[in-house]
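Summary of the model geometry
Next come the chains, spelled out residue by residue.
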Amino acid sequence: MKVAWAGSRHAVEVADRMACLVASDPVFRKDTRTMLSRKELFKDTLKKAAHAWKRTVELHLTEEEANLLRLYIDQPGYVDLHWVMFVPAIKGQGTEEQQKKWLTMAYKFQIIGTYAQTELGHGSNVQGLETTATFDPSTDEFIMHSPTLTSSKWWPGGLGKTSTHAVVYARLITEGKDYGIHGFIMQLRSLDDHSPLPGITIGDIGGKFGSGAYNSMDNGVMRLDHVRIPRDQMLMRLAQVTREGKYVHSDVPKQLLYGTMVYVRQTIVADASRALSRAVCIAVRYGAIRKQFGSKAGGPETQVLNYKTQQSRLFPFLASAYAFRFVGQWLKWLYTDVTQKLESKDFSTLPEAHACTAGLKSVTTSATADAIEECQKLCGGHGYLNSSGLPELFAVNLPACTYEGDNVVLLLQVARFLMKTVSQVASGKQPVGTTAYMGNIQHLMQCKSVVNTVEDWLNPAAIKEVFEARALRMAVNCAQNISKAPSQEEGFSELSPDLVEAAVAHVQLIIVTKFIEKLQEDILGHGVKEQLQKLCGIYALHLIHNERLGKLYAQVRPNAVALVDAFDYTDHYLGSALGRYDGDVYSALYKEAWKDPLNETVVPDGYQEHLRPLLKQQLKLSRL
Ligand SMILES: CCCCCCCC(=O)SCCNC(=O)CCNC(=O)[C@H](O)C(C)(C)COP(=O)(O)OP(=O)(O)OC[C@H]1O[C@@H](n2cnc3c(N)ncnc32)[C@H](O)[C@@H]1OP(=O)(O)O
Ligand SMILES: Cc1cc2nc3c(=O)[nH]c(=O)nc-3n(C[C@H](O)[C@H](O)[C@H](O)COP(=O)(O)OP(=O)(O)OC[C@H]3O[C@@H](n4cnc5c(N)ncnc54)[C@H](O)[C@@H]3O)c2cc1C
């Protein structure tokens, strides 16, 4: 099952090696992270990132190994934005020459970059960004400026205290004309003493939800006061400005400006499946250890994982973890395929890539955030402790519903793609890719329920057709109602809640389809395919509230712990007293409690000043 989860034996081997490397290095300890002040935590993050770089160089780690090292350190920081956004933005929007110059320095960590797009006043609406980049032909420079308070760059990770450079998104103005948003490389801080360069006001935007990780990240604010940069620091793969100041658009779609976001969204789907699997691993293992209430005859208490209510709340998340893992593996292939096509100027699958990455990022992160919160409740009171690992896991993964695109805004992008497809089908064009099912419109719009017997519900072809019919009918229904509106735009706005639901149904069809396709592959291990078939059934049927589920839960229960052990997480990475591999929960909870700084003294700070006088005074009063 480990291989099915990891994707290959090689993936299992590399992951094990990197996880153990991190777990065995005291610099990477994280058990006291939630007890640190924000400044201590930030400094701890700098220390870990520097040590990780040192180990990467010493051990000659490959890019794959270095990425896994960063993943198992499990502490968001500036390195995430450097590797996940700054480097890809230059790769995707820089010319060959610009890539050579800037990536050479970035790969050697001679500069630290971030992705500065969002502003105080605009995040979702990229075309509404206000920062300006005005070309000055007299000096062959762009003047970067924050004209208003709301144009302050706000949120970029690493911007606050660490990044020395950024790709800054700004309105390009030349010859008095505004050509919209483009990317520019800016140096922000001196490479000698790290002080901000002239004209740049920069800092951290303050503490964020929850304690521990993600407060380890210095999301920053930046205001620019007429900062001059050379013309060749405009990322010029998509468009150029000539020495004379002429704007020249190249022959690639302007949407490539958004290419970095497409790349990150596909990685976020894999992140979601990992975060969800961690929460499920904790809740399943703890559910097997925790016993509450027994038989009336004074028999042994019952494992809470045996309760049907616990299974009906938890097993859909177990199934979702596997479902998101497999669709994430497919999405990575789709992204690679689109990127290769772009190299040969084939832009035909760009819309599909945008719709799939936007939709899957949205659906998987929303489901994961909800599931982590529910896993906290599934662990009772102890799930609320930081030592359970669940509050921090929730705090770190909740913002994934917002960053890299607000989930509703992204689903509306998917809806826009679906409405275009429905109208193309109506005009006789055969849809391809993930909307190919819409070409089957006659059959799917009329088909009676393809599932008649209880057994049908476990027939993958039948389940797939049910999901196709559901998605198509919701999309067609929206299209018909939009067509009755005074205008397409008004109709789209009026119908937006229904369009979001139709987009979710389409994305869930993709997830179910990819799970079914995974089961058609050769899957190693005795009985593994059967277990995955049950999980596929649970994932699909829980979305449509089918009564078959109870039986499936009972069939999965005996293997539930084995199915989470297959995630192959070290206790260090899981970071949970409840999810420990050895199940020694109670002694672990007890031991963790005493690490809290509050327990450094038996009489708490503040007793002499505030508690003793109060108690003494009340005692005196009671004797009057
Ligand atoms: C480890 C992870 C760490 C991550 C840390 C977090 C980092 C961040 O958060 S970085 C900032 C992220 N910010 C965002 O995601 C902003 C979200 N907003 C957007 O992407 C855009 O504003 C968006 C798409 C909503 C609207 O864009 P806009 O330019 O107004 O275009 P819009 O009019 O809607 O669409 C124009 C066309 O472009 C297409 N398009 C839009 N986006 C894309 C894209 N990314 N790729 C391809 N095509 C696209 C649309 O489908 C549409 O096509 P058509 O005309 O054929 O229908
Ligand atoms: C932890 C974290 C890290 C981040 N890191 C970075 C970074 O490194 N670099 C960077 O550039 N940015 C970063 N961001 C910013 C992030 O990308 C934006 O917050 C995100 O894109 C959402 O935009 P917004 O904040 O403007 O939300 P808004 O769009 O203001 O959302 C507010 C509400 O309005 C709704 N809404 C907005 N538009 C519409 C519409 N057209 N139709 C219907 N509803 C709508 C949304 O659904 C939401 O409910 C980060 C954010 C967070 C939380």
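Residues numbered from 1 in each chain as written. Chains lettered and ligands numbered in written order. Predicted model: local features only at pLDDT ≥ 70, side-chain atom pairs only at ≥ 80, totals over all residues. Heavy atoms only, no water.

1. Let's talk about the site of ligand 2
Surrounding ligand 2, one finds 20 residues, the nearest of these being Y115, T118, S124, G157 and D406. Take G123: an N or O atom from its main chain is 3.1 Å from an oxygen atom of ligand 2. For ligand 2, the accessible surface in isolation is 960 Å², of which the surrounding protein chains cover 63%. The element that contributes the greatest number of residues to the shell around ligand 2 is helix 11 (residues 407–426), accounting for three residues. Across the shell around ligand 2, the residue classes break down as 10 nonpolar, eight polar and two charged. The two domains that each donate at least three residues to the shell around ligand 2 are domain 2 (111–250) and domain 3 (259–430 + 453–564). (Near = heavy atom within 4 Å. Polar contact = N/O pair within 3.5 Å; in protein donor to acceptor, adjacent residues only side chain to side chain. Areas by Shrake-Rupley, 256 points an atom, 1.4 Å probe, with all protein chains shown as cover. Helix = DSSP H or I, 4+ residues; strand = E, 2+ residues; numbered from the N terminus. Nonpolar A, V, L, I, M, F, W, Y, C, P; charged D, E, K, R; others polar. Domains from an automatic or database assignment.)

2. Structural notes on helix 5 (residues 78–93)
Here helix 5 spans 21 Å end to end across 16 residues, near enough to the 22 Å set by a 1.5 Å rise per residue. Listed as buried for helix 5 are Y78, V79, L81, H82, M85, F86, V87, P88, A89, I90 and Q93. (Expected span 1.5 Å × (residues − 1). Buried < 20%, exposed > 50% of the residue type's maximum accessible area, 1.4 Å probe, protein only.)

3. A look at the domain arrangement of the protein
Domain assignment breaks the protein into domain 1 (2–75), domain 2 (111–250) and domain 3 (259–430 + 453–564). Between the C-alpha centres of domain 2 and domain 3 the distance comes to 36 Å. In this assembly, 12 residues from domain 2 lie in contact with 12 residues from domain 3. Both sides of the domain 2 and domain 3 interface together cover about 860 Å² of buried area, and 62% of this is carbon and sulfur. Counting the contacts that link domain 2 with domain 3 gives zero salt bridges. (Contact = heavy atoms within 4.5 Å. Buried area = accessible area lost by both parts, 1.4 Å probe. Salt bridge = Lys/Arg side-chain N within 4 Å of Asp/Glu carboxyl O.)

4. A look at the sheet that holds strand 7 (residues 200–204)
The strand order 4-8-7 describes an open sheet built from three strands, whose pairing is antiparallel. Because the sheet does not close on itself, it has two edges, and the strands there are strand 4 (153–154) and strand 7. As paired strands, strand 4 and strand 8 (residues 220–224) are joined by two bridges and run antiparallel to one another. Following the sheet pairing, W154 is matched in strand 8 by V221. (Pairing = 2+ DSSP bridges.)

5. Comments concerning the pattern of salt bridges
According to the stated counting rule, one finds 32 salt bridges in the structure shown. For E58, the salt bridge goes to K54, with nearest N and O atoms at 2.9 Å. In this pair, E58 and K54 both sit in helix 3 (residues 38–58), four residues apart, roughly one turn of the helix. What makes E58 partly exposed here is its relative accessible area of 39%.

6. Quick look at the site of ligand 1
Lining the immediate surroundings of ligand 1 are 21 residues, of which S124, Y258, R265, E404 and K420 lie closest. Within the contact set of ligand 1, an oxygen atom lies 2.7 Å away from a backbone nitrogen or oxygen of S124. For ligand 1, an oxygen atom lies 2.4 Å from a polar atom in the side chain of Y258. Notes on ligand 1: free accessible area 1100 Å², of which the protein chains cover 80%. Those elements that provide at least two residues to the shell around ligand 1 are helix 7 (259–289) and helix 11. With four residues, the single largest contributor to the shell around ligand 1 is helix 11. Of the residues in the shell around ligand 1, the class split is eight nonpolar, nine polar and four charged. When residues of the shell around ligand 1 are assigned to domains, at least three map to each of domain 2 (111–250) and domain 3 (259–430 + 453–564).

7. Regarding the packing of helix 13 (residues 460–483) against helix 16 (residues 528–543)
Contact geometry of helix 13 with helix 16 gives a least axis separation of 11 Å together with a crossing angle of 30°. When the axes of helix 13 and helix 16 are compared, the pair comes out roughly parallel. Pair helix 13 / helix 16 crosses with left-handed handedness. For the pair formed by helix 13 and helix 16, the contact residues are I463, F467 and R470 on the first element and A540, L541 and L543 on the second. (Axes fitted to C-alpha atoms, helices over the stretch in contact; angles between N-to-C directions. Parallel < 35°, antiparallel > 145°, perpendicular 65-115°, else oblique. Left-handed = near helix turned anticlockwise from the far one by under 90°.)

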